[in-house]
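# Observations on chain architecture
Single-letter residue listing:
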Amino acid sequence: MARCTETPAQPIDQPARPKAQQPAAAPPVVGRDEFEEALAAQVVLEKEVTRANDRASAARRRLPMVEVPDYEFTGEEGPVRLSELFAGRYLLLVQNVMYGTDWDEGCPSCTWAVDNLPANTGRMDEEEISFAMISEAPIDKLSAWREKQGWPQTWVSSAGTGYHGDWGWTLTSADGGYSGPVPGYSYFLLRDGKVYLTYATYARGTEAILPVAHVMDRTVYGRQQDWEDSPDGWPQYPTYG
């Protein structure tokens, strides 16, 4: 997922379709045996990635944890404690959605990420994982954007709390660089009435739970973004962010 680093200018209604026209470039055509040989070599590479992911996951399960204040956020119906976002479960995934206090709309990239969430979030409930979103903007702005996008997920405002600044979800630059919210995910554990942060990820680490990005990666043209290493003639567009 790309990072939104400025106030979005256009609402997200009808996404542009620059990829609607089929590209002229295509892979070379070979016989079945040559294709199967090339595919088998690719599978070897992907198994290496799978094993590396398994090792990273094993290390992640061995991370320590740190206690987090039970912040009092603002929800649509009033104050909501961080611990209340667990909704009776003991695991909580928070998407830190970029929506600055003075923005009129949510970050397009973060909006796309929310749209990537499972259609049936009840599957996470079955695993005792609750989900919520947290942003700096006032709750009335968040509620309006949530309704516009048709999202059912819980979304609370951290305005008036130290949450974003305390945990690095808002940057403050003294040298003219970017100042404002940044996107990412926080994973929490509720234990003996206290909230603990067990893992957090940002930048390209957020891609792990973006299924559309992984689907695109496995198509012949990939994501069609200008940072990708693709064959000559493959379509590539500027990366948002």
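Above this note sits the structure.
Residues numbered from 1 in each chain as written. Predicted model: local features only at pLDDT ≥ 70, side-chain atom pairs only at ≥ 80, totals over all residues. Heavy atoms only, no water.

This next bit is on the overall build of the chain. Within the chain one finds 6 helices and 10 strands. Dimensions along the principal axes, computed over C-alpha positions, put the chain at roughly 65 × 40 × 40 Å. By the burial criterion, 34% of the 241 residues in the chain qualify as buried. Intrachain contacts of the chain at a sequence separation of at least 6 include 64% that bridge at least 24 residues. Here the chain displays about 14,600 Å² of accessible surface, and carbon together with sulfur accounts for 52% of that area. On the chain, the mean spot of the 21 positive side-chain charges and the mean spot of the 35 negative ones are 6 Å from each other. (Helix = DSSP H or I, 4+ residues; strand = E, 2+ residues; numbered from the N terminus. Buried < 20%, exposed > 50% of the residue type's maximum accessible area, 1.4 Å probe, protein only. Contact = heavy atoms within 4.5 Å. Areas by Shrake-Rupley, 256 points an atom, 1.4 Å probe, with all protein chains shown as cover. Lys, Arg positive; Asp, Glu negative; His and termini not counted. Charge placed at Lys NZ, Arg CZ, Asp CG, Glu CD.)

Tyr99, Met133 and Trp155 are the most contacted members of the largest nonpolar core, which has 22 residues in total. Elements with a minimum of two residues in this core: α2 (108-115), β5 (129-135) and α4 (139-149). Ignoring sequence-local partners within four residues, the contact set of tyrosine 99 consists of Asp104, Glu105, Gly106, Ser135, Glu136, Ala137, Lys141, Leu142, Trp145, Trp155 and Pro181. Within the second largest apolar cluster, 18 residues are counted, among which are Phe86, Ala132, Ile134 and Leu197. (Core = buried A, V, L, I, M, F, W, Y, C linked by side-chain atoms within 4.5 Å.)

Residues in a regular strand point their side chains to alternate faces of the sheet. Among the 7 residues of β5, 6 are classified as buried, and the element is accordingly described as predominantly covered. On the question of chirality, the crossover connecting β5 to the parallel strand β6 (residues 154-157) by way of α4 is right-handed. (Right-handed = clockwise from strand over helix to strand, strands pointing away.)

Now for α4. Within α4, the full set of buried residues consists of Ile139, Leu142, Ser143, Trp145, Arg146 and Gln149. Burial along α4 is one-sided: seen end-on, the buried residues are contained in an arc of 165°. Facing away from the buried side of α4 by over 90 degrees, the exposed positions are Asp140 and Glu147. Once α4 finishes, glycine 150 follows within two positions and takes phi at roughly 75°, a positive value. (Arc of directions from axis to C-beta.)

Right, let's get into the pattern of salt bridges. Within the structure shown, the criterion is met by 8 salt bridges. Linking arginine 32 and glutamate 36 is a salt bridge whose minimum nitrogen-to-oxygen distance equals 2.7 Å. Residue arginine 32 and its partner glutamate 36 are located together in helix α1 (residues 32-60), separated by 4 residues, close to a single helical turn. Note that arginine 89 is salt-bridged to aspartate 125, the shortest N-O span being 3.6 Å. Of this pair, arginine 89 sits in the loop between β3 (78-81) and β4 (91-96) while aspartate 125 sits in helix α3 (residues 122-126), and the two are 36 residues apart along the sequence. For arginine 89, a relative accessible area of 21% puts it in the partly exposed group. Its relative accessible area of 31% is what places aspartate 125 among the partly exposed residues. Connected through salt bridges with shared partners, the residues Arg204, Glu207, Asp217 and Arg223 form a single ionic network. (Salt bridge = Lys/Arg side-chain N within 4 Å of Asp/Glu carboxyl O.)

Any functional reading would require information beyond the geometric quantities listed.
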